[in-house]
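Spelled out from the first residue to the last, the chains are:
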Amino acid sequence: DWSSDVCSSDLSENFRNPGSGSFQIAIQSDVASDAVVRVFASNGQLVLSENRELLKGRNELRLEMLSFAKGIYQLQMLLSSPTEHKALNRKLIIN
């Protein structure tokens, strides 16, 4: 289960993991915040970085990684609002 209760935000998966490289991520946020979505390869190399804005409530983010090689990746989401800063981490598998 990918659900995780973290302070005022909740990150869950809304896709098959492992997957083919197209991932839909749902995040519930109690406050509007900025997010940096980063994906790292298994060797630690940063392979994707995107800035996103999250609204208060449910947000759905789509990650297109269809051109990425099969393997295990680490998703890191850095959230920043006037009242809090946090990092959420999940494993993504492309098969």
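The residue count restarts for each chain, going from 1 along the sequence in the order it is written. Side-chain atom pairs in this predicted model are given and counted only at pLDDT of 80 or more, local residue features only at pLDDT of at least 70, and totals for whole chains, interfaces and linings cover all residues. Only hydrogens and water are set aside when side-chain values are computed; all heavy atoms of the structure are taken into account.

Trainee: So what's going on with the environment of Glu53? Residues and values would help.
Mentor: The topology assignment puts Glu53 in strand β5 (residues 46–54). Exposed residues in this analysis have more than 50% of their type's maximum accessible area, buried residues have under 20%, and partly exposed residues fall in between, with area computed by a 1.4 Å probe over protein chains only. Overall, Glu53 belongs to the exposed group, its relative accessible area being 64%. Sequence separation of Glu53 and Ala35 is 18 residues, and the distance between their C-alpha atoms is 5.9 Å. Contact definition: two residues touch when any of their heavy atoms are within 4.5 Å. Setting aside its immediate chain neighbours within four residues, Glu53 contacts Ser33, Asp34 and Asn59. The secondary structure listing takes helices from DSSP runs of H or I that are at least 4 residues long and strands from runs of E that are at least 2 residues long, numbered from the N terminus.

Trainee: Can you tell me about the pattern of salt bridges, naming the residues and giving the values?
Mentor: Should a side-chain nitrogen of Lys or Arg be within 4 Å of a carboxyl oxygen of Asp or Glu, the pair is scored as a salt bridge. Inspection of every chain in the model, using the stated rule, returns three salt bridges. Note that Glu60 and Arg58 form a salt bridge whose closest N and O atoms lie 3.2 Å from each other. Residue classification places Arg58 among the exposed residues on the basis of a relative accessible area of 52%.

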